[in-house]
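An overview of the molecular structure
Below are the chains, spelled out letter by letter.
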Amino acid sequence: MKILLVLILATALLACSKKDTDLVLSCNGSNVVTSEDSSMVTDETRKYIFENKKLENYNCDWSSKTIVCYATNDSPENRSRSHLVYDIRTGSFTELNSIRASANNHLINRAVFVGHCESPIFHYM
């Protein structure tokens, strides 16, 4: 009985010790990839790991209702833009990635992921 009580207390302590600035999202949804001459839709599961309110390669702004992140990558040939929005209250998630030609702003590739995310109580980073 003591062992069970210790396990319950340890589990509760671990569950409550997650920092407010860290978040792991497991997202299920659909990804639509559009290129110059084709379009493809796939169902996907994605994992996003925020540490200290940061997502790797993104700049993020947090509020009580949403997390909004963006990234840019420009080269002489292409311009890449990525945006993601997570609604904390509903779990809705959208990520948009686009690549355009630098010279004429012609769309080369666009990927849109729309899904729903959950944050597990226990996670391993």
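Up top is the structure these notes are about.
Anyway, here's the lowdown on the structure attached to this text.

Basis of the calculations
Residues numbered from 1 in each chain as written. Predicted model: local features only at pLDDT ≥ 70, side-chain atom pairs only at ≥ 80, totals over all residues. Heavy atoms only, no water. Disulfide = S-S within 2.5 Å. Helix = DSSP H or I, 4+ residues; strand = E, 2+ residues; numbered from the N terminus. Buried < 20%, exposed > 50% of the residue type's maximum accessible area, 1.4 Å probe, protein only. Pairing = 2+ DSSP bridges. Polar contact = N/O pair within 3.5 Å; in protein donor to acceptor, adjacent residues only side chain to side chain. Phe/Tyr/Trp six-rings, centres within 6.5 Å; stacked < 30°, edge-to-face > 60°. Lys NZ or Arg CZ within 6 Å of the ring centre and 35° of its normal. Contact = heavy atoms within 4.5 Å. Salt bridge = Lys/Arg side-chain N within 4 Å of Asp/Glu carboxyl O.

Here we come to the state of the cysteines. A covalent bond between the sulfur atoms of two cysteines is what we call a disulfide. On inspection of all chains with the given rule, the structure shows two disulfides. What pairs with Cys27 in a disulfide is Cys117, and their sulfur atoms sit 1.9 Å apart. Taking the sign of the S-S torsion, about 105 degrees here, the bridge from Cys27 to Cys117 comes out right-handed. Of this pair, Cys27 sits in strand β1 (residues 23-35) while Cys117 sits in strand β8 (residues 107-118), and the two are 90 residues apart along the sequence. Accessibility assignment for this pair places Cys27 and Cys117 in one class, buried. With its sulfur 2.1 Å from that of its partner, Cys60 forms a disulfide with Cys69. In this structure, the disulfide formed by Cys60 and Cys69 twists by about 110 degrees around the S-S bond and is classed as right-handed. Across the pair, exposure class does not vary: Cys60 and Cys69 are buried alike.

Spatial strand order, β3-β2-β1-β8-β7-β6-β5-β4: eight strands in an open sheet with antiparallel pairing. The two strands at the open ends of the sheet, each matched to only one other strand, are β3 (54-55) and β4 (59-62). Taken together, the four bridges between β4 and strand β5 (residues 66-74) define a ladder with antiparallel strand orientation. Pairing of Asp61 across the sheet is with Val68, part of β5.

Below, the discussion takes up the side chain of Asn31. Its place among the elements puts Asn31 in strand β1. Of the polar contacts made by the side chain of Asn31, one reaches the side chain of Arg46; its length is 3.3 Å.

The next point concerns the pairing of strand β2 (residues 39-51). In terms of strand pairing, β1 meets β2 through twelve bridges, oriented antiparallel. Note on β2: the bridge partner recorded for Val32 is Val41. Hairpin connection of β1 to β2: three residues between the antiparallel strands. Relative to β3, β2 runs antiparallel, the two being bridged by two bridges. For Glu51, the partnering residue across the bridge sits in β3 and is Lys54.

With that settled, the discussion passes to the packing of aromatic side chains. Enumeration over the complete set of coordinates arrives at four aromatic pairs. When the ring centre of Phe113 is taken as reference, the NZ or CZ atom of Arg46 above it lies at 4.3 Å.

We now examine the environment of Ala71. With respect to the helices, strands and loops of the structure, Ala71 is situated in strand β5. A residue is classified by how much of its surface remains accessible, and Ala71, at 14% relative accessible area, is buried. A sequence separation of eleven residues divides Ala71 from Ser82, and the C-alpha atoms of the two residues are 5.1 Å apart. Residues in contact with Ala71, not counting those within four places in the same chain, are Asn57, Tyr58, Ser80, Arg81 and Ser82.

It is worth spelling out the pattern of salt bridges at this point. Applying the stated rule across the entire model yields four salt bridges. As a salt-bridge pair, Glu95 and Arg46 come within 2.8 Å of each other at their nearest N and O atoms. Taken together, the positions of Glu95 in strand β7 (residues 92-101) and Arg46 in strand β2 put the pair 49 residues apart, joining distant regions of the chain. Assigned by exposure class, Glu95 and Arg46 land together as buried. The salt bridge involving Arg81 is made with Asp74; its shortest N-O contact spans 2.6 Å.

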